[in-house]
Amino acid sequence: MLTLLSDFLLAPFADYQFMRRALVACFAMALGGTPVGLFMTLRNMSLSGDTISHAILPGVAAGYLLSGLSLLTMTIGGLVAGLLVALLSVLVTRSSKGREDTSLAAFSLMSLALGVLLLSRANSNIDLEHALFGTLITLNGATLRLLAGIATFSVLTIALYYRPMVLECCDPAFLRSVSKHSAPAHAVLLLLIVLNLVMGFHAMGTLMAVGMMILPAAAARFWSNELPVLMALALLFCLVGSVCGLLYSFHANAPASSAIILALGMLYVMSFGFGISNGLYWRLFPLSHLNG
């Protein structure tokens, strides 16, 4: 029995380098992305993250057309495109007094269409598949170093700007009334969102990158209301979902990015059902823990 469990759980990572690389990439995305995803859920920006993930595609596509599969060029292109769309949406919102999510969705849809048109010039379905679903199990050392660098930058930035970002996400009106840090905190959050989406793009693709950020954070909120606990739980859920998804992908010969997002989605559904903070079971039977 132990041998079977070892073969199922440990052998894929012990015997295959591409599985170890994929696991390291998932750990980097978890460390850098789950705190940002938690701030996004607190700020009600979950859907905004999904739209921004589409916005990076034309920059990545332009980088690919200029330099091929150049990691640096594609990363810079995605970062510039994502930040440009975010800044344009803020500019339109403040000048027209409209809703930020509306302007962000409009610019992101245009960016997505432009990105697909640019990728179509490459005349390769493989390139389009790489952009949409990622290449988690074929990452090289340079990409892993990039992911580690972005994750490190995210963690350090959050540590340095933690208090203003918490206030900006939980009570932006109060922060604006007592400090001038509201706009910088929002700008830092947008920067971290775009950076982590670019990081996720290289591993998970445009369609799946935001799932690594949002689903663990959303699941954690069913278990606690304390921010440090939420961060720890979100990180734990992301790591557990990544390992389960990679194992399923290996044994079932399934796409790794889709398997990981599905595993994270199952953790979210489980948390919705049984989370002790606001889970469905405890709302239906609030006194059941006192019986028997």
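Calculation notes
Residues numbered from 1 in each chain as written. Predicted model: local features only at pLDDT ≥ 70, side-chain atom pairs only at ≥ 80, totals over all residues. Heavy atoms only, no water. Helix = DSSP H or I, 4+ residues; strand = E, 2+ residues; numbered from the N terminus. Rg over C-alpha atoms; globule rule 2.2 N^0.38 Å. Buried < 20%, exposed > 50% of the residue type's maximum accessible area, 1.4 Å probe, protein only. Areas by Shrake-Rupley, 256 points an atom, 1.4 Å probe, with all protein chains shown as cover. Lys, Arg positive; Asp, Glu negative; His and termini not counted. Charge placed at Lys NZ, Arg CZ, Asp CG, Glu CD. Contact = heavy atoms within 4.5 Å. Expected span 1.5 Å × (residues − 1). Polar contact = N/O pair within 3.5 Å; in protein donor to acceptor, adjacent residues only side chain to side chain. 1 Å grid on protein atoms, 1.4 Å probe; cavity = no way out; pocket = protein on both sides within 12 Å on 5 of 7 lines; lining within 4 Å. Points joined across faces, edges and corners; volume = space filled by probe spheres on them. Nonpolar A, V, L, I, M, F, W, Y, C, P; charged D, E, K, R; others polar. Patch = residues over 30% accessible without salt bridge, like charges linked within 9 Å, V, L, I, M, F, W, Y side chains within 5 Å. Salt bridge = Lys/Arg side-chain N within 4 Å of Asp/Glu carboxyl O.

**Re the overall build of the protein**
Step number 1: Secondary structure assignment for the protein yields 16 helices and zero strands.
Step number 2: Here the protein has a C-alpha radius of gyration of 20 Å; the compact-globule value for 292 residues is 19 Å, and the two agree.
Step number 3: With the principal axes as the frame, the protein shows a C-alpha extent of 60 × 50 × 30 Å.
Step number 4: Taken over 292 residues, the protein has a buried fraction of 48%.
Step number 5: Surface accessibility of the protein: about 14700 Å² in total, with carbon and sulfur atoms responsible for 70%.
Step number 6: Taking the average location of the 13 positive side-chain charges in the protein and that of its 10 negative ones, the two points are 10 Å from each other.

**Let's talk about the side chain of Ser-53**
Step number 1: Assignment of secondary structure puts Ser-53 in helix α4 (residues 46-55).
Step number 2: When residues no more than four places from it in sequence are discounted, the contact partners of Ser-53 are Leu-197 and Thr-206.

**Comments concerning helix α9 (residues 141-160)**
Step number 1: In this model α9 runs 29 Å from its N-terminal to its C-terminal C-alpha over 20 residues, within 8% of the 28 Å that 1.5 Å per residue would give.
Step number 2: A distance of 3.3 Å separates the backbone nitrogen of Ala-142 from a side-chain oxygen at the start of α9, and that oxygen is part of Asn-140.

**Some thoughts on the environment of His-181**
Step number 1: Turning to its location among the elements, His-181 is positioned in the loop between α11 (172-178) and α12 (182-204).
Step number 2: Since its relative accessible area comes to 38%, His-181 is described here as partly exposed.
Step number 3: Through-space distance from the C-alpha of His-181 to that of Leu-280 is 37 Å; in sequence the pair is 99 residues apart.
Step number 4: The contact partners of His-181, leaving out residues within four places of it in the chain, are Tyr-161, Pro-164 and Leu-175.

**What about empty space enclosed by the protein?**
Step number 1: Going through the model one piece at a time under the given rule, you end up with two cavities of 30 Å³ or more.
Step number 2: Its volume calculated, the second largest cavity comes out at about 30 Å³.
Step number 3: Contributing to the lining of the second largest cavity are Met-29, Gly-33, Asn-196, Met-199, Gly-200, Ala-209, Met-212 and Met-213.
Step number 4: At the level of secondary structure, the elements contributing two or more residues to the lining of the second largest cavity comprise α3 (17-42), α12 and α13 (211-220).
Step number 5: Here the element with the most residues in the lining of the second largest cavity is α12; it accounts for three residues.
Step number 6: Here the lining of the second largest cavity is built from residues that sort into five nonpolar, three polar and no charged.

**Here we look at a nonpolar patch on the surface**
Step number 1: Where nonpolar side chains cluster on the molecular surface, the patch consists of Met-270, Phe-272, Phe-274, Leu-280, Tyr-281, Leu-284 and Phe-285 and spans about 650 Å² of accessible area.
Step number 2: Breaking the nonpolar patch down by element, the ones donating at least two residues are α15 (256-274) and α16 (280-284).
Step number 3: Locating Phe-285 in the fold gives a position in the segment after α16.
Step number 4: Among the residues examined, Phe-285 registers a relative accessible area of 45% and is labelled partly exposed.

**Some points on the environment of Leu-192**
Step number 1: Inspection of the secondary structure puts Leu-192 in helix α12.
Step number 2: Note on Leu-192: relative accessible area 0%, which makes it buried.
Step number 3: Separated by 37 residues in the primary sequence, Leu-192 and Val-155 place their C-alpha atoms 9.7 Å from one another.
Step number 4: Apart from residues lying up to four places away in sequence, Leu-192 is in contact with Val-36, Phe-153, Ser-154, Thr-157, Ile-158 and Met-165.

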